[in-house]
Amino acid sequence: MTITMAHARVMLFWGASLLAMVVGGLYWLAHLSTGLTPPFWETVPVCGVTPNCVSSKSPATAASRFRIDPIPFHGGAPEAMRALEALLRATPGLEIVTVGPSSIQARLHSNFFGFMDDLFFRAELAGISGQAAQTKEGVIHCYSASRVGHWDFGANRRRLERIAAQFAAVQ
């Protein structure tokens, strides 16, 4: 079978049309996701089934790709959350949505298509309830997930690992 010039033009037309639809669809999804208001969670969420999420509250199984370690802190929860908030405010493209006494909710636009990712941090003191008031140590549980799409190619994990490393440097 020989491909004539007419066949080549038709194939090029349909290929370019398909590419335009895919890019347009991704652009539409990116801008659709920016108008959604994320919920303010009482606890750090656990990831669902799509591999575009990491959470320190996800089960700690050996095969769990959704699990990330919480961020340890010393010196009291209010001080730790103020330091984390300052660090997040200095992060390009990251927008703080809500700040509570022991939690921070933020969102971030991805660089290329502008997809929206949600981030959530909550400080928990070490020890059991009666001892928690005396301790000055604890962890900040964290969550980062893409609002749309299936894969994030590890972007949420890398982001939280980078935030944890920056926090450890200023702690």
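Residues numbered from 1 in each chain as written. Predicted model: local features only at pLDDT ≥ 70, side-chain atom pairs only at ≥ 80, totals over all residues. Heavy atoms only, no water.

### Looking at the pairing of strand 5 (residues 116-125)
Of all 10 residues in strand 5, 8 are buried, a share of seventy percent or more. Two elements, strand 4 (residues 103-109) and strand 5, share 7 bridges in a ladder whose sense is antiparallel. Paired with serine 103 across the two strands is arginine 122, which belongs to strand 5. (Buried < 20%, exposed > 50% of the residue type's maximum accessible area, 1.4 Å probe, protein only. Helix = DSSP H or I, 4+ residues; strand = E, 2+ residues; numbered from the N terminus. Pairing = 2+ DSSP bridges.)

### Points about the confidence of the model for the chain
For the chain, the average pLDDT comes to 81, and 78% of its residues sit at 70 or higher. Counted against residues more than four places away or in other chains, residues 128-132, with its pLDDT under 50, gives 2 contacts. (pLDDT = per-residue confidence, 0-100. Contact = heavy atoms within 4.5 Å.)

### Some remarks on helix 2 (residues 77-89)
For helix 2, which comprises 13 residues, the first-to-last C-alpha distance of 18 Å matches the rise-based estimate of 18 Å (1.5 Å per residue) to within 8%. Burial in helix 2 covers these residues: Ala77, Ala80, Met81, Leu84, Glu85, Leu87 and Leu88. Seen along its axis, helix 2 keeps its buried residues to an arc of 160°; they face one direction. Facing away from the buried side of helix 2 by more than 90 degrees, the exposed set consists of Arg82 and Arg89. On the buried face of helix 2, the contacting elements are strand 2 (71-74), strand 3 (94-99), strand 4, strand 5, strand 6 (137-146) and helix 4 (155-170). (Expected span 1.5 Å × (residues − 1). Arc of directions from axis to C-beta.)

### Observations concerning the pattern of salt bridges
Going through the model one piece at a time under the given rule, you end up with 5 salt bridges. A salt bridge links aspartate 117 to arginine 159; its shortest N-O distance comes to 2.9 Å. Here the residue aspartate 117 occupies a position in strand 5, and arginine 159 occupies one in helix 4, the gap between them amounting to 42 residues. A relative accessible area of 5% means that aspartate 117 is categorised as buried. Taking relative accessible area as the criterion, arginine 159 reaches 8% and is therefore assigned buried. Taking the shortest distance from any N to any O, the salt bridge between aspartate 118 and arginine 147 comes out at 3.0 Å. (Salt bridge = Lys/Arg side-chain N within 4 Å of Asp/Glu carboxyl O.)

### A closer look at helix 4
Helix length check: helix 4, at 16 residues, gives a terminal C-alpha distance of 23 Å against a target of 22 Å (1.5 Å per residue), a fit within 8%. Among the residues of helix 4, those classed as buried are Asn156, Arg159, Leu160, Ile163 and Phe167. Buried residues of helix 4, viewed axially, fall in a sector of 90°; they line one side. More than 90 degrees from the buried face of helix 4, the exposed residues found are Ala168 and Ala169. Contacts from the buried residues of helix 4 go to strand 1 (53-55), strand 2, helix 2, strand 4, strand 5 and strand 6.

### Observations concerning the side chain of histidine 141
The topology assignment puts histidine 141 in strand 6. Note on histidine 141: relative accessible area 9%, which makes it buried. For histidine 141, the contacting residues outside a window of four places in its chain are Val44, Ser56, Lys57, Pro70, Phe120, Phe121, Arg122 and Glu124.

### Digging into the state of the cysteines
Note on terminology: disulfide describes a covalent bond linking the sulfur atoms of two cysteines. In this structure the tally under the stated criterion is 1 disulfide. Put simply, cysteine 47 and cysteine 53 are joined by a disulfide, and their sulfur atoms are 2.1 Å apart. Between cysteine 47 and cysteine 53, the disulfide has an S-S torsion of -75° and is therefore left-handed. The class of cysteine 53 is buried, set by a relative accessible area of 7%. (Disulfide = S-S within 2.5 Å.)

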